[in-house]
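Each chain is listed here by its residues.
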Amino acid sequence: MQITWEELLIGTKIIALNYFRFAQFFVKPLLNPECIDREMKNIESEFMETRSIVAKHNDQLFKLFYHFDHSASNFSMGNIQTLKKDNIQDLLINFYSDHYSSDIMCLVVYGKESLDELQLMVVDKFSEVPKRNLKPKIWNANPVKKYMFGFVLKCKIRSPEHSFIMRFHIDDEITQYYGAQAANLISFLLTHQGSGSL
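Residues numbered from 1 in each chain as written. Predicted model: local features only at pLDDT ≥ 70, side-chain atom pairs only at ≥ 80, totals over all residues. Heavy atoms only, no water.

A. Examining helix H2 (residues 33-50) more closely. Compared with the 26 Å implied by 1.5 Å per residue over 18 residues, the 26 Å span of H2 between its first and last C-alpha is a close match. Every buried residue of H2 is accounted for by Ile36, Met40 and Thr50. End-on view of H2: buried residues confined to an arc of 90 degrees, all on one side of the axis. Opposite the packed face of H2, turned more than 90 degrees from it, sit the exposed residues Glu34, Arg38, Lys41 and Glu49. Considering only its buried residues, H2 is in contact with helix H3 (54-62), helix H4 (80-83) and helix H5 (88-99). (Helix = DSSP H or I, 4+ residues; strand = E, 2+ residues; numbered from the N terminus. Expected span 1.5 Å × (residues − 1). Buried < 20%, exposed > 50% of the residue type's maximum accessible area, 1.4 Å probe, protein only. Arc of directions from axis to C-beta. Contact = heavy atoms within 4.5 Å.)

As structure tokens, this is what we get:
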């Protein structure tokens with residue numbers, strides 16, 4: 001399952017107006033062509049800024065391990081070349097209709113106000129988010145190509161730093177143990193730097 005989140009930090013002076021504006025993106029997004037163009041330029045700027053980050057290169061290389069029809073193989077970030085399409089507005093509207101539905105979304109609000117006050121501020125504004133009876137897309141098959149298990153990938157980078165990265169496939173069943181943070185425990189044991197560690 002792939003999860004997308006939006007985060008908004010707002011001041012208390014015009015809090016109701018800000019909640020209303022934020023809710024409207026999910027209720028009825030405008031997706032104006034000029035706003036789309038401006039956002040694509042922002043994405044291009046962010047893409048150019050992160051091109052030299054080694055971790056981004058590593059992430060992109062690891063995408064070669066995934067099946068091409070799995071979302072894990074997609075670019076983590078677009079740019080002008082990948083986003084500039086004649087029908088981009090239609091594509092965004094279709095994406096919104098296909099993936100945004102109140103029955104697969106959740107809202108978290110926190111502030112200094114009481115729970116009752118926070119609830120009063122948001123319920124009427126977000127209750128208009130359309131319910132389309134969608135189900136989140138879940139891939140049951142392993143996203144990693146079978147012949148890539150045990151594969152060693154070496155790459156030469158322009159940075160003076162050296163890194164050794166090991167990635168392990170962990171089945172989705174581990175999510176039922178999220179309270180115990182099993183995945184974090186495994187990571188801690190592997191990266192522990194004490195006596196007798198790897």
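B. Fine view of the packing of helix H1 (residues 15-27) against helix H6 (residues 115-126). In the contact formed by H1 and H6, the axes pass within 9 Å of each other and the chain directions differ by 30 degrees. Classified by chirality, the crossing of H6 by H1 is right-handed. Across from Ile15, Ala16, Tyr19, Phe20, Phe22, Ala23, Phe26 and Val27 in H1, the residues of H6 making contact are Leu118, Met121, Val122, Lys125 and Phe126. Partitioned by chemical class, the residues of the contact of H1 with H6 number 12 nonpolar, no polar and 1 charged. (Axes fitted to C-alpha atoms, helices over the stretch in contact; angles between N-to-C directions. Left-handed = near helix turned anticlockwise from the far one by under 90°. Nonpolar A, V, L, I, M, F, W, Y, C, P; charged D, E, K, R; others polar.)

C. Quick peek at unusual backbone geometry. The phi dihedral of Leu31 is positive, around 50 degrees, even though this residue is not glycine. Tracing the chain through its elements places Leu31 in the loop between H1 and H2.

D. Up close: the packing of aromatic side chains. Under the definition given, this model contains 7 aromatic pairs. Residues Phe22 and Phe26 carry aromatic rings whose centres are separated by 5.3 Å and whose planes lie at 85 degrees to one another, so their mutual orientation is edge-to-face. Residue Phe22 and its partner Phe26 are located together in helix H1, separated by 4 residues, close to a single helical turn. On the basis of relative accessibility, which here comes to 18%, the residue Phe22 falls in the buried class. (Phe/Tyr/Trp six-rings, centres within 6.5 Å; stacked < 30°, edge-to-face > 60°.)

E. Quick look at the side chain of Ser73. Tracing the backbone through its elements, the reader meets Ser73 in the loop between H3 and H4. With relative accessibility at 15%, the residue Ser73 sits in the buried group. A distance of 3.3 Å separates a polar side-chain atom of Ser73 from the backbone oxygen of His67. Of note is the side chain of Ser73, whose polar atom sits 3.2 Å from the backbone oxygen of Phe68. Those residues within four positions of Ser73 in sequence are excluded, and the remaining contacts are Lys63, Tyr66, His67 and Phe68. (Polar contact = N/O pair within 3.5 Å; in protein donor to acceptor, adjacent residues only side chain to side chain.)

F. Quick peek at the pattern of salt bridges. Inspection of every chain in the model, using the stated rule, returns 3 salt bridges. With a closest N to O distance of 3.3 Å, Asp37 and Lys41 form a salt bridge. Pair noted here: Asp37 and Lys41 are both in helix H2, with a separation of 4 residues, about one helical turn. For Lys84, the salt bridge goes to Asp37, with nearest N and O atoms at 3.4 Å. Of this pair, Lys84 sits in the loop between H4 and H5 while Asp37 sits in helix H2; the two residues are 47 residues apart in sequence, bridging distant segments of the chain. Counted as one network, the salt bridges with shared partners bring together Asp37, Lys41 and Lys84. (Salt bridge = Lys/Arg side-chain N within 4 Å of Asp/Glu carboxyl O.)

G. Main features of the confidence of the model for the chain. Put simply, the chain has an average pLDDT of 82, and 95% of its residues get 70 or more. By mean pLDDT, H3 is the weakest element of the chain at 78, and H5 is the strongest at 92. (pLDDT = per-residue confidence, 0-100.)

H. Quick look at a nonpolar patch on the surface. Residues Phe164, Met166, Phe168, Ile170, Ile186 and Leu190 make up a contiguous nonpolar surface patch of about 620 Å² in total accessible area. Topologically, Ile170 is positioned in the loop between H6 and helix H7 (182-191). (Patch = residues over 30% accessible without salt bridge, like charges linked within 9 Å, V, L, I, M, F, W, Y side chains within 5 Å. Areas by Shrake-Rupley, 256 points an atom, 1.4 Å probe, with all protein chains shown as cover.)

I. Inspection of the environment of Gln176 at higher detail. Tracing the chain through its elements places Gln176 in the loop between H6 and H7. Here the alpha-carbon distance between Gln176 and Met105, two residues 71 residues apart in the chain, equals 19 Å.

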